[in-house]
Amino acid sequence: MTPTTPISSKVNTDNLIPSILILSFLVVGFIQNLGAVDKIAPQWLYLSGINILSALYILFNKQNFSERLIVSLKSGISIFYILFFIWASCSYFYAINETEALINITRHSNTLFMYLHLFVVVQNLKNKNVLISWVMTIFLLIEVYSVFTQAIGMIDLSGVIVPGELKGVTANRNITAFSIAMKIPFVLYLFDKLKSRILIISLITLIFFSILDLSMISSRASFVAVLIILIGYIFTCFFQYYFFSNIYSKRKTIYKVSYFLIPLIFAIFINQIYFSSKGADAISRAGTIAVNTSDDSISKRLRYYEDVLNHMSSNPIFGTGIGNWKIESIRYDRLDIDGYIVPYHAHSDFIQLGAELGFIGFFLYLFIFIIAIYYVFNILFRSNLDNDNKTFSMILLISLGVYLIDANLNFPIARPQELAPWAMVMALIGFYNSKTVNISDDLKSKGILKNKKYIFSIATLIFSLPALSISNKVYNSHKAQLIILNDFNNNTHNVPLNQIESVVPKFPN
């Protein structure tokens, strides 16, 4: 009788659960308001919960993750990110409003642990490049469909498109535009993997509708992002041609460039012949990209930048405290405030953090990105990684470039919708850089792995459990604000004062 191999009854979750956790983080942008005045409230609450689940999963599988944890913590990105978080947390003691600082400290802890958890679980994930690219592509498809159907609905209803109201699944057109733009590079990566003409044509069509949506949204910053994608993808294709000449011919390189260039040109053409007459003229909107103080949006940003720089020059070490610029900004902008609109964001994450945390906080945050960019060039020109991983690293750099445009003109640091893909990009860059040196043997030789299995998960839980409580209080506050705001906007004032006092929590205040 021929012996048979015994069948194990144990389900292999090495790839399944990390995939579920990655998906759980990336899906945060689809969490809706759930009765809150702003959907970021339930989204931050959701992230707190996912971080706790991730920490528990790693804790119960500590034997498998101990090495990966140390590898993730030894990354330069992680070191600067942790130092930034520590410095931001210390600002609680000098913040104008300690409660506001506490809320923002928990949000930064959620983002930090999301990045670290993604770094850990992605390391042994099989076919990670393709898997993550397909996830990003599917999410992009949903977002693009949402925006396009909104635009068609506007045309059917009134005959015109109101670009500012094209929000898709998000709360703001700029968030929608950059959420779309950050995912386009992952679609471009898949062209290297596909043989089916039907799938290639389908992805080209998706890129066309993505750019068409951006043309209708008419966010000028996103037009710059599209240019970054174009330049970055051309560089990627010609890098492949010159360094992977055994695989990529000149003809194939030109074909690949056309996969983005042709849908870009066609989307602009369709915008001009049809949608421009309906209120979404991308060419005219792009023509206003300049330092033009007569443009209200640009003049406000320039005013905000000037206020922040003036504050930083007067407070170079200690700023207003994390999350407190929206309070201090009133003093600077009080003569120009329109109605009740307070400039609670400086429309540049970097200089706003400088105002809140001084130059030390500014440079710590800046170096997170500088290190990431350095890592990509290290992967490309100094590593022995295979061609596929080098190509994917360039794709990650393009997506990071899109985020940097947004971070310098808007405030993605406050939006989980954009932070989740950013954390994924940073985790992947850190992971591939760690592959360029043999960290594992070095860790074992020094005995660093011993007795370090519990520290990470325990630290995560120490921060994430309070973050869950604080995020829940903020969520309840946002639900109460929606009740009052609807009463105010409808000019009904039907909510009794005693009910307002009962629904509005004391936190935050």
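Residues numbered from 1 in each chain as written. Predicted model: local features only at pLDDT ≥ 70, side-chain atom pairs only at ≥ 80, totals over all residues. Heavy atoms only, no water.

1. Focus: the overall build of the protein chain
Line of reasoning, step 1. Summing up its helical and strand segments, the protein chain has 19 helices and zero strands in all.
Line of reasoning, step 2. Sequence-distant contacts, at least 24 apart, represent 78% of the contacts inside the protein chain between residues at least 6 apart.
Line of reasoning, step 3. Accessible surface, the protein chain: about 23,300 Å² in total, of which carbon and sulfur atoms supply 63%. (Helix = DSSP H or I, 4+ residues; strand = E, 2+ residues; numbered from the N terminus. Contact = heavy atoms within 4.5 Å. Areas by Shrake-Rupley, 256 points an atom, 1.4 Å probe, with all protein chains shown as cover.)

2. Regarding the pattern of salt bridges
Line of reasoning, step 1. Applying the stated criterion across every chain, the model contains six salt bridges.
Line of reasoning, step 2. A salt bridge links Asp38 to Arg415, with the shortest nitrogen-to-oxygen separation between them at 3.2 Å. Of this pair, Asp38 sits in the loop between helix H1 (16–26) and helix H2 (40–60) while Arg415 sits in the loop between helix H15 (387–409) and helix H16 (416–434), and the two are 377 residues apart along the sequence.
Line of reasoning, step 3. Taking the relative accessible area as the measure of exposure, Arg415 reaches 11% and is therefore buried.
Line of reasoning, step 4. For the salt bridge of Glu100 with Lys326, the shortest nitrogen-to-oxygen distance reads 3.0 Å. (Salt bridge = Lys/Arg side-chain N within 4 Å of Asp/Glu carboxyl O. Buried < 20%, exposed > 50% of the residue type's maximum accessible area, 1.4 Å probe, protein only.)

3. Focus on the confidence of the model for the protein chain
Line of reasoning, step 1. For the protein chain, the average pLDDT comes to 86, and 90% of its residues sit at 70 or higher.
Line of reasoning, step 2. No element of the protein chain has a lower mean pLDDT than helix H17 (residues 439–446), which averages 51, and none a higher one than helix H4 (residues 76–90), which averages 96.
Line of reasoning, step 3. Under a pLDDT of 50 for its full length, residues 1–12 has, in the predicted model, zero contacts with residues more than four places off or in other chains. (pLDDT = per-residue confidence, 0-100.)

4. Brief notes about the packing of helix H7 (residues 173–190) against H15
Line of reasoning, step 1. Across the interface, H7 lies against H15 with an axial gap of 9 Å and an inter-helix angle of 170°. With respect to each other, H7 and H15 are oriented roughly antiparallel. When the axes of H7 and H15 are compared, the crossing they make is right-handed. Contact residues: H7 offers Phe178, Ala181, Met182, Pro185, Phe186 and Tyr189, while H15 offers Asp388, Thr391, Phe392, Ile395, Leu396, Ile398, Ser399, Val402, Tyr403, Ile405 and Asp406.
Line of reasoning, step 2. The residue makeup of the contact of H7 with H15, split by class, is 13 nonpolar, two polar and two charged. (Axes fitted to C-alpha atoms, helices over the stretch in contact; angles between N-to-C directions. Parallel < 35°, antiparallel > 145°, perpendicular 65-115°, else oblique. Left-handed = near helix turned anticlockwise from the far one by under 90°. Nonpolar A, V, L, I, M, F, W, Y, C, P; charged D, E, K, R; others polar.)

5. Remarks on the side chain of Asn51
Line of reasoning, step 1. Positionally, Asn51 belongs in helix H2.
Line of reasoning, step 2. According to the relative accessible area criterion, Asn51 is buried, its value standing at 0%.
Line of reasoning, step 3. Here Met114 takes part through its backbone nitrogen, which lies 3.3 Å from a polar atom of the side chain of Asn51.
Line of reasoning, step 4. Apart from the residues within four sequence positions on either side, Asn51 is in contact with Phe25, Asn110, Phe113, Met114, His117, Thr460 and Ser464. (Polar contact = N/O pair within 3.5 Å; in protein donor to acceptor, adjacent residues only side chain to side chain.)

6. Some thoughts on the environment of Ile283
Line of reasoning, step 1. In this structure, Ile283 sits in helix H11 (residues 282–286).
Line of reasoning, step 2. Separated by 14 residues in sequence, Ile283 and Phe269 have C-alpha atoms that sit 10.0 Å apart.
Line of reasoning, step 3. In contact with Ile283, not counting residues within four places along its chain, are Ile268 and Gln272.

7. With respect to the nonpolar core
Line of reasoning, step 1. Counting residues in hydrophobic clusters, the biggest one holds 127 residues, and the most contacted among them are Tyr115, Phe260 and Trp422.
Line of reasoning, step 2. No other element matches helix H14 (residues 349–382), which puts 14 residues into this core.
Line of reasoning, step 3. With sequence-adjacent residues up to four places away left out, Phe260 is seen in contact with Ile184, Leu188, Ile207, Ile211, Val226, Ile229, Leu230 and Tyr233.
Line of reasoning, step 4. Val308, Trp325, Ile351 and Ala355 belong to the second largest nonpolar core, which has seven residues in total. (Core = buried A, V, L, I, M, F, W, Y, C linked by side-chain atoms within 4.5 Å.)

8. Considering helix H6 (residues 128–158)
Line of reasoning, step 1. Between its terminal C-alpha atoms H6 stretches 45 Å, which fits the 45 Å expected from 31 residues at 1.5 Å a residue.
Line of reasoning, step 2. The positive-phi residue at the C-terminal boundary of H6 is Gly159, with phi of around 85°. (Expected span 1.5 Å × (residues − 1).)

9. Things to note about the environment of Asn490
Line of reasoning, step 1. With respect to the element layout, Asn490 can be found in the loop between helix H18 (455–489) and helix H19 (497–503).
Line of reasoning, step 2. Reaching out from Asn490, the side chain makes a polar contact with the backbone oxygen of Asn486 at a distance of 2.9 Å.

10. Brief notes about the packing of aromatic side chains
Line of reasoning, step 1. The full count for this structure, using the stated rule, is 36 aromatic pairs.
Line of reasoning, step 2. Measuring from ring centre to ring centre gives 6.0 Å for Tyr115 and Phe119, while their planes differ by 75°; the resulting arrangement is edge-to-face. Taken as a pair, Tyr115 and Phe119 lie in helix H5 (residues 98–122) at a separation of four residues, close to a single helical turn. The same class applies to Tyr115 and to Phe119, which are both buried.
Line of reasoning, step 3. An aromatic cluster is present here, built from Tyr81, Phe84, Tyr115, Phe119, Phe350, Tyr365, Phe369, Tyr403 and Trp422 joined pairwise through their rings. (Phe/Tyr/Trp six-rings, centres within 6.5 Å; stacked < 30°, edge-to-face > 60°.)

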